[in-house]
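# Summary of the model geometry
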Amino acid sequence: MTTTQKIIEKKLQESFKPLHLEVIDESHNHSVPDGAESHFKVVLVSEAFAGEKLIQRHRRVNKVLAEELSEGGVHALALHTLTPEDWFNHGGTVPASPECLGGSKQS
Amino acid sequence: MEVLDRIKEQVESNPIVIYMKGTPQFPMCGFSSRAAAALQDCGVPFAYVNVLADPEIFENLPRFADWPTFPQIYIDGDLIGGCDITLEMHQSGELKSMMEEAAAKAAPTGES
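Presented here is an overview of the structure given in this document. Because the structure is a prediction, the values reported are computed rather than measured.

The rules behind the values
Residues numbered from 1 in each chain as written. Chains lettered and ligands numbered in written order. Predicted model: local features only at pLDDT ≥ 70, side-chain atom pairs only at ≥ 80, totals over all residues. Heavy atoms only, no water. Core = buried A, V, L, I, M, F, W, Y, C linked by side-chain atoms within 4.5 Å. Buried < 20%, exposed > 50% of the residue type's maximum accessible area, 1.4 Å probe, protein only. Contact = heavy atoms within 4.5 Å. Phe/Tyr/Trp six-rings, centres within 6.5 Å; stacked < 30°, edge-to-face > 60°. Helix = DSSP H or I, 4+ residues; strand = E, 2+ residues; numbered from the N terminus. Pairing = 2+ DSSP bridges. Axes fitted to C-alpha atoms, helices over the stretch in contact; angles between N-to-C directions. Buried area = accessible area lost by both parts, 1.4 Å probe. Salt bridge = Lys/Arg side-chain N within 4 Å of Asp/Glu carboxyl O. Nonpolar A, V, L, I, M, F, W, Y, C, P; charged D, E, K, R; others polar. Parallel < 35°, antiparallel > 145°, perpendicular 65-115°, else oblique. Left-handed = near helix turned anticlockwise from the far one by under 90°.

### What about the nonpolar core?
Counting 38 residues, the largest nonpolar core has Tyr19, Ile57, Tyr74, Ile75, Leu95 and Met99 of chain B as the members making the most contacts within it. Apart from residues lying up to four places away in sequence, Ile75 of chain B is in contact with Pro15, Ile16, Ile80, Leu95, Met98, Met99 and Ala102 of chain B. Core analysis: the second largest hydrophobic core is formed by 15 residues, Phe16, Leu21, Val23 and Leu44 of chain A among them.

Okay, structure coming up:
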């Protein structure tokens, strides 16, 4: 497991006491150097999201990971924020992240 | 015009606007591509801003709505979220009705 991945996991674990947490490093799918730790997908199932709209849930996660997103080199964060009830209704799955289209390679 | 005023003007004068990397026809990022495709699928016209072509907006949009990533989708002046939220709202049908409502509200011939 990579360092940034560990930091993200730890911060989310502490802030949301999740029932289920997955932090997946998807950087290898993108046009970035090996070990870039730039693209992550997070699946976060927590009671803490009950009664909150998606945008509120995402804002809370962005806030907890603000440092990683601004200076930590995290370029993309696919977020799947669910309550235990949502998770149950989804059958315990979330959609796959999109393929890279090479945008960042050129900038 | 100050860049934040420029963004404000864009989100207020367009009922639906997506800030994305590339264009809906030639998206430069998978997340932007998916979000734009969801908007197109709803069949309601929308505006887009290619943030790769406007470095000033690229730099400043994250602090405009305190949202760190692209794409960003605004409906009726409010940020609804990024790619993941847009896709979930598309799946539930909420996106289409929100877009239709915003477009109707902005139409000069609207009854209300």
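### A closer look at the packing of aromatic side chains
Remark: the centre distance and the inter-plane angle together describe each pair of aromatic rings, the angle taken between the planes. For the structure shown, the criterion picks out 4 aromatic pairs over all chains. Relative to Phe49 of chain A, the ring of Phe16 of chain A lies with its centre 5.2 Å away and its plane at 40 degrees, an arrangement referred to as tilted. Taken together, the residues Phe16 of chain A in helix α1 (residues 3-16) and Phe49 of chain A in the loop between β2 (39-45) and α2 (54-64) connect sequence positions 33 residues apart. Here Phe16 of chain A matches Phe49 of chain A in class, with each residue buried. Ring geometry for Tyr19 of chain B against Tyr74 of chain B: centres 5.7 Å apart, planes inclined by 80 degrees, an arrangement best described as edge-to-face. Taken together, the residues span a long stretch of sequence, with Tyr19 of chain B in strand β1 (residues 16-20) and Tyr74 of chain B in strand β3 (residues 72-75) at a distance of 55 residues. Just as Tyr19 of chain B is buried, Tyr74 of chain B falls in that class too. Here the aromatic cluster, defined as three or more aromatic residues joined through ring pairs, consists of Tyr19, Phe64 and Tyr74 of chain B.

### Considerations on the sheet that holds β2 of chain A
Residue and element names in this part refer to chain A. Pairing in this open sheet of 3 strands is mixed, and the strands run β1-β2-β3 from one edge to the other. Both edges of this open sheet fall to β1 (20-25) and β3 (76-82), since each of them pairs with a single strand only. When the angles between neighbouring strand axes are averaged without regard to direction, this sheet yields 10 degrees. The pairing of β1 with β2 spans 6 bridges and is antiparallel.

### Some thoughts on the interface of chain A and chain B
Across the contact, 20 residues belong to chain A and 19 residues belong to chain B. By the criterion of area lost to chain B, the three top residues of chain A are Arg59, Pro98 and Leu101 of chain A, representing 29% of everything that side buries. Counting across the interface, chain A meets chain B through 0 salt bridges. The set of elements that each furnish at least two residues to the side of chain A that touches chain B consists of α2, β3 and α5 (103-106) of chain A. In terms of residue class, the side of chain A that touches chain B is made up of 10 nonpolar, 8 polar and 2 charged.

### Overview of the sheet that holds β1 of chain B
All names here are of chain B. Ordered in space as β2-β1-β3-β4, the 4 strands form an open sheet in which the pairing is mixed. In this open sheet, the two strands that pair with only one neighbour each are β2 (47-50) and β4 (78-81). Recorded for the sheet is a direction-independent mean angle of 25 degrees between the axes of neighbouring strands. The strands touched by helix α1 (residues 3-13) are β1, β2 and β3; relative to β1, the strand with the most contacts, the crossing angle is about 135 degrees. Helix-sheet contacts for helix α2 (residues 30-41) involve β1 and β3, and the interaxial angle to β1 is about 165 degrees.

### Quick word on the packing of α1 of chain A against α2 of chain A
Residues and elements named next belong to chain A. Interaxial distance between α1 and α2 falls to 10 Å at its minimum, and their mutual angle equals 125 degrees. Relative to α2, the element α1 is oriented oblique. In the crossing of α1 with α2, the sense of the turn from one axis to the other is right-handed. Facing Lys11, Leu12, Ser15 and Phe16 of α1, the residues of α2 in contact are Arg60, Val61 and Val64. Taken together, the residues that form the contact of α1 with α2 break down as 4 nonpolar, 1 polar and 2 charged.

### Brief notes about the pattern of salt bridges
Residue and element names in this part refer to chain B. Scanning the entire structure with this criterion turns up 10 salt bridges over all chains. In this structure, Asp76 and Lys105 form a salt bridge, with 2.7 Å as the shortest nitrogen-oxygen distance. Taken together, the positions of Asp76 in the loop between β3 and β4 and Lys105 in helix α5 (residues 94-106) put the pair 29 residues apart, joining distant regions of the chain. For the salt bridge of Lys96 with Glu100, the shortest nitrogen-to-oxygen distance reads 3.2 Å.

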